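Chain residues, written in single-letter form:
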Amino acid sequence: MKNLIGIDKNKAKKLTEILNKLLADYEIFYQNLRGFHWNIKGREFFELHVKFEELYNDAFIKIDEIAERILTLEGIPMHTYTDYLKTSSIKEENNITNGVDGVKIIVKNFASIITTEREILELASEANDEGTVSLMSDYITQTEKTLWMLNSYLS
């Protein structure tokens, strides 16, 4: 049985489940980034304040794209923080004021996110779901570059 876009319904269901995990990860990640942006102090303030804003704006866009992809696959996107906190592999961060600590947390969070993106890419390929493949390919490329840049900053 196939859904409206021609994807096997069982495969689409598996994809929506893992896409919901990615959605939860991005929601918690987004809020962490907002906290880093608001609370950063010290010599790196100006540089990192702008970088954290860039990252949370990007996460905000991805959150919407992921939710819309779940809907396209005929799933239901999570939309409560209760569900996000139960599902996300990313943990809430509180009162991080040191910029280097914030960047280290972001690197750790992106490492988790990229693992999930690769899992989704593999499942989407197996399901012949080109829309999700394309979305994840773009995300992986962006995440890899961001990880490289953040690691360069920490070096």
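Description of the structure in this document. (Residues numbered from 1 in each chain as written. Predicted model: local features only at pLDDT ≥ 70, side-chain atom pairs only at ≥ 80, totals over all residues. Heavy atoms only, no water.)

## As for the overall build of the chain
For step 1, the next point in the chain: If you tally the helices and strands in the chain, you get five helices and zero strands.
For step 2, the next point in the chain: Tracing the chain from N to C terminus, the helices and strands come up as α-α-α-α-α.
For step 3, the next point in the chain: What you see for the chain is a C-alpha radius of gyration of 16 Å, in line with the 15 Å of a compact globule of 155 residues.
For step 4, the next point in the chain: When the backbone C-alpha atoms are referred to their principal axes, the chain occupies close to 60 × 30 × 20 Å.
For step 5, the next point in the chain: When burial is assessed residue by residue, the chain has 45% of its 155 residues classed as buried.
For step 6, the next point in the chain: Contacts in the chain between residues far apart in sequence, at least 24 positions, make up 77% of those at least 6 positions apart.
For step 7, the next point in the chain: Summing over all exposed atoms, the chain offers an accessible surface of approximately 8600 Å²; the carbon and sulfur share of this is 53%. (Helix = DSSP H or I, 4+ residues; strand = E, 2+ residues; numbered from the N terminus. Rg over C-alpha atoms; globule rule 2.2 N^0.38 Å. Buried < 20%, exposed > 50% of the residue type's maximum accessible area, 1.4 Å probe, protein only. Contact = heavy atoms within 4.5 Å. Areas by Shrake-Rupley, 256 points an atom, 1.4 Å probe, with all protein chains shown as cover.)

## Comments concerning the packing of aromatic side chains
For step 1, the next point in the chain: For the coordinates displayed, the defined rule picks out eight aromatic pairs.
For step 2, the next point in the chain: On the basis of an interplanar angle of 90° and a centroid distance of 5.9 Å, the ring pair of Y30 and Y56 is categorised as edge-to-face. Of the two residues, Y30 is situated in helix α1 (residues 9–39) and Y56 in helix α2 (residues 45–72); the sequence distance between them amounts to 26 residues.
For step 3, the next point in the chain: Judged by relative accessible area, Y30 falls into the buried class, the value being 13%.
For step 4, the next point in the chain: Since its relative accessible area comes to 6%, Y56 is described here as buried.
For step 5, the next point in the chain: One aromatic cluster is present, formed by Y26, F29, F110 and Y139 through successive ring pairs.
For step 6, the next point in the chain: The ring of Y56 has R34 sitting right over it, with the charged end atom 4.1 Å from the ring centre.
For step 7, the next point in the chain: The ring of Y139 is capped by K62, whose NZ or CZ atom sits 4.9 Å from the centre of that ring. (Phe/Tyr/Trp six-rings, centres within 6.5 Å; stacked < 30°, edge-to-face > 60°. Lys NZ or Arg CZ within 6 Å of the ring centre and 35° of its normal.)

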